[in-house]
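As a plain string of letters, each chain reads:
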Amino acid sequence: MNKKLLYIVAIFFTLQNLFAQVKVSGIVVDEQDNAIPFSNVIFKGSTNGTISDENGKFYLQSDVMYNELEVSFIGFEKKVIELKRNNFNLKIILKESRDQLNEVKLYSGRIKKKGNPAIAILKKIWDKKRKNGVYLYDRYEYDKYEKIEFDLNNIDEKTKKSRVFKGMELVFDHIDTSAITGKAYLPIFINESVYKTYGRNIVPKKKNEKIVANKNSGFSDNQGLIAFVKQLYVDYDIYDNYVKFFDKSFASPLSKLGPEIYNYVLTDSSFIDNKWCYNILFYPRRKNELTFKGDFWVNDTTFAIKEIQMHANKNANINWVKEIYIEQKFKVLNDSVFLLERDYFMSDFSHNRKEKSKGVYGKRTTLYNNHVFNVKRPEEYYKEDVTEKEEIYHRTDDYWSGNRHERLSKDEAGIYKMLDTLRYVKRFKELTSVTDVLTTGYWSIVNGFDFGPVFSTFGFNDLEGFRLRLGGRTYFSKSDKWRLKGFLAYGFGDKKFKYGIEGKWLLEPKNRLILSVGNRRDIEQLGVSLTTANDVLDRSFATTSLFTRGDNTKLSNINLTNVKATLEPAKNLKFRLSSTYKTIKSASPDLFNIDYYNDDNVIQSNMEQVDVNFAVQYTPGSKPWGFGVDRGVSNYGRFPTLFFSYTKGIKGAFNSDFDYHKFQFYYQQPIQVGIFGRLTSTFEVGKTINSVPLSLLNVIPGNQTYFTSRKLFDLLDYYEFVTDEYVSLHLEHNFNGRLFSKIPFMRKLQWREIVGIRGVVGNISQENQDRIAPNATIQVYTAPEKLYWEYHFGIGNIFKLFRIDFEYRGSYRDVPNATNFAVKGGFGFYF
């Protein structure tokens, strides 16, 4: 009987440990009831812990049952709390330590750097940081598994009864609790990827990350949404001075600038995987900066990081993100080599920062294993693939079961089944349609056809008046090898129809050989772009803007037919060969006459032109994805763009009027300047050889709308400057609130400071002046032979969406009717 009882007791404790889970939440305060931020909270006898936030609050959970919680803080006595069944909303009071009266309290100031053992350890980390991991070997390779998940959070009874979820109540069977925040969440999206990485540290250094498999839940054909999701999460290195994500540069706690930005405290030491490690707590010295609080464990001999957890400063000037949490773990390869094993990134997206506000968790889990070193591989292993293979997106369930580095949780695994069921629910179809419109601009009408772009349906200009545009595209899946696009428009002012149509075919996937043919008859504002791309269906925003200043009648009727072939022989390197036939004439000769003398010295109103164009575009660092004729880019705006174009006008072909040569070069470079924001520079240069009429010259792009534009000169009118050779430079720097954060009454506004300057210099030859007919509206072309420049000061992030710029003209201020000052706005989605 006693033996049976012993078995029962043993089974009871086995089951208790098997299903045990301990959760703790609360606040740490001093004896005066003041919150103690950045306290060290840990399950006693473990390395599982957290740091209290700026308000002293914390949440901690573990799948292992612990009986005691240890809370400590420099200047206070350590306190051990006995854990019970219910450990929520604890109030933990720390007493001031008499032995540490001379210590500076962390929550009320800064600790001294001199003599701080944590700083001494940090310096040794700096000395050896580049000797960690894969940097020790000439060659390396490893497998990588990435999981991106989105969850609705703060789910409560009110949420469940919301009309949004009417008819979709089954989703609430998948609610779980976050181990980081303790909030209830509902998984709604998951994306999984498997990669094989080959790298070489010897010159020339190369790294090739080949995607092997990819799987989505639910939104697998929404290119805009998937591109947006992938763009949120980029690779980072905690050893760098700055950790960059959401287009922001957060100061790393391992940075050499760290002692000026963070306080460090050596709090503990312990064995982790049989390696003796020190535990160092860190927290920011100042508020409102892009910093973290957290702790890390570092080995005592190699001074490589073993574990690190970081919570972003909640006062940081970043939009739509209430919380950011990063956790990394490194494994021991041998006595001196540590390799990144697990990288976990979680962000809480929300419209405000209130504790109970609802939002969306965005979580990325990245796992690394199967490292192999110093194996010589042929050169093609290090060459990046131009395109992805179709089978990547069609792996079987058995493949995924065998290639995930960690099993999906019950709720994660249920997402696939849940969303497969929801596809047939009417309410869910309506929600996905709204998502499609917001992310792609197209509305799916029937299978295979999308209406759009939706936001181009209505327009207005001085000649067409109110303009109605109906457009669409074929769309069966994101992997379509061909696509047709077109539109039909009607102007209620000029009472004329316009149309455009284009077809594209992916002929050879490996090198992405694409053939496209299109035709458009439309009204266009030609004076708003220096570097031309020859995209048939593109139309400048200035042509259809509802809000313009001054005269906007300088529009042209165009009939454009283009045949184009593009080839991508190497990743991000594209070659384009095209031929264009176009006719151009004034859309309203009484208001804007562009008559000219042809080569026979006869006045002509209509121009016919055939040209051949060769162009090269290089976008190093761009991360395109997909294998269809249209692809998304997962890191748009974070890489440089170099573009070169040569155009040869062919006189006589199909009654073509002119023989000329046009050379153009365009270079755009975004630069993240550490914690001081982002600088964007755009450089353009071009020259047209042989005399041509106005429609073929280089018009310096003006901007007569009330909205600022990075590529235009905001204070120039259309056709104010005309050139046949030019050089232009645009510089704009966004300080991301770095300066305003120093001003107490402006901190909470979280506005962002913007400064910029633009300049252009150019010439126009007498031969081109001589082509002007006596009845033309512009009788003398003016070129900015002396530098034209303008500058602006702006405030961005107003209500998280808007910006306002104060524009000043720096030269040519005495020109008749010159706009020397203007206030312009802009809007966009800013982090």
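Residues numbered from 1 in each chain as written. Predicted model: local features only at pLDDT ≥ 70, side-chain atom pairs only at ≥ 80, totals over all residues. Heavy atoms only, no water.

## Focus: the overall build of the chain
The cut-off we apply is this: To qualify as a helix, a DSSP run of H or I must reach at least 4 residues; to qualify as a strand, a run of E must reach at least 2; elements of each kind are numbered from the N terminus. Between the two quantities, the radius of gyration covers C-alpha atoms and the globule rule is 2.2 Å times the number of residues to the power 0.38. A simple rule labels every residue: compare its accessible area, found with a 1.4 Å probe on the protein chains alone, to the largest value its type can have, and call it buried under 20%, exposed over 50%, or partly exposed in between. Residue contacts are defined here by distance: any two heavy atoms, one from each residue, within 4.5 Å place the two residues in contact. The Shrake-Rupley method, run with a 1.4 Å probe, gives the accessible areas here. Residue values count only the displayed protein chains as cover. Neither His nor the chain ends contribute to the count of charged residues, in which Lys and Arg are positive and Asp and Glu negative. Think of each charge as sitting on NZ of Lys, CZ of Arg, CG of Asp or CD of Glu.
On a plain count of helices and strands, the chain comes out with 11 helices and 44 strands. Since a compact globule built from 831 residues should have a radius of gyration of about 28 Å, the 31 Å found for the chain is in line with a globular shape. C-alpha extents for the chain along the principal axes are approximately 115 × 60 × 60 Å. For the chain, buried positions account for 53% of its 831 residues. The contacts of the chain with a sequence gap of at least 6 include a subset with a gap of at least 24, amounting to 64%. Accessible surface, the chain as shown: approximately 39400 Å² in total, 56% of it carbon and sulfur. Side chains of the chain give 120 positive and 98 negative charges; the mean places of these two sets differ by 4 Å.

## Brief notes about the packing of aromatic side chains
What counts is decided by this rule: Each aromatic pair joins two rings of Phe, Tyr and Trp (for Trp, the six-membered one) with centres within 6.5 Å, and gets the label stacked for planes under 30 degrees apart, edge-to-face for over 60, and tilted for any other angle.
All chains considered together, the criterion is met by 41 aromatic pairs. Judged by centre distance (5.0 Å) and plane angle (80 degrees), the ring pair of Tyr198 and Tyr381 falls under edge-to-face. A residue pair is termed long-range when its members are at least 10 positions apart, and Tyr198 in strand S10 (residues 184-200) and Tyr381 in the loop between strand S20 (359-373) and helix H6 (397-403) qualify at 183 residues. Taking relative accessible area as the criterion, Tyr198 reaches 11% and is therefore assigned buried.

## Some remarks on the environment of Tyr706
Here Tyr706 is to be found in the loop between strand S38 (698-699) and strand S39 (722-723). For Tyr706, a relative accessible area of 42% translates into the label partly exposed. Linking Tyr706 and Val823, residues 117 residues apart in sequence, is a C-alpha distance of 7.7 Å.

## Topic: the sheet that holds strand S5 (residues 68-72)
For clarity, the cut-off: Note on pairing: DSSP must find at least two bridges between two strands before they are called paired. Interaxial angle, 0 to 180 degrees, is taken between N-to-C directions of lines fitted to C-alpha atoms, where a helix line uses only the stretch in contact.
Spatially, S3-S2-S5-S6 is the arrangement adopted by the 4 strands of the open sheet, whose pairing is antiparallel. Edge positions in the open sheet fall to strand S3 (49-51) and strand S6 (79-82), since each of these has one partner strand only. With direction set aside, neighbouring strand axes in the sheet form an average angle of 20 degrees. Bridge count for strand S2 (residues 40-43) against S5 is 4 bridges, and the pairing is antiparallel.

## A closer look at helix H8 (residues 426-440)
The line we're drawing: Working rule for helices: expected span equals 1.5 Å times residues minus one.
The terminal C-alpha atoms of H8 lie 21 Å apart, and with 15 residues this matches the ideal 21 Å at 1.5 Å per residue to within 8%. Those residues of H8 not exposed but buried are Phe428, Thr432 and Val437. In this structure, the buried side of H8 is in contact with helix H7 (410-422) and strand S21 (443-446). Gly441 occupies a position one or two residues after H8 and carries a positive phi of about 85 degrees.

## Side note on the environment of Glu384
Mapped onto the elements, Glu384 comes out in the loop between S20 and H6. Along the primary structure Glu384 and Gly26 are separated by 358 residues, whereas in three dimensions their C-alpha atoms are 50 Å apart.

## A word on the pattern of salt bridges
The test is simple: The salt bridge definition used is simple: a Lys or Arg side-chain nitrogen within 4 Å of an Asp or Glu carboxyl oxygen.
Scanning the model with the defined rule gives 44 salt bridges in all. Among the ionic contacts, a cluster of salt bridges with common partners joins Glu464, Arg467, Asp494, Lys498, Arg520, Asp522 and Glu524.

## Things to note about unusual backbone geometry
In terms of backbone geometry, most residues other than glycine have negative phi values and most peptide bonds are trans. In this structure, Pro204 follows Val203 across a cis peptide bond, with omega equal to -5 degrees. Inspection of the secondary structure assignment puts Pro204 in the loop between S10 and strand S11 (206-216). The backbone of Phe303 shows a phi angle near 55 degrees, a positive value even though the residue is not glycine. The residue Phe303 is located in the loop between strand S16 (292-299) and strand S17 (305-312) in this model. The class of Phe303 is buried, set by a relative accessible area of 10%. In this structure, Asn374 is a non-glycine residue whose phi angle is positive, near 55 degrees. Within the secondary structure, Asn374 is located in the loop between S20 and H6.

Spatial relationships are all this shows, so hold off on functional conclusions.
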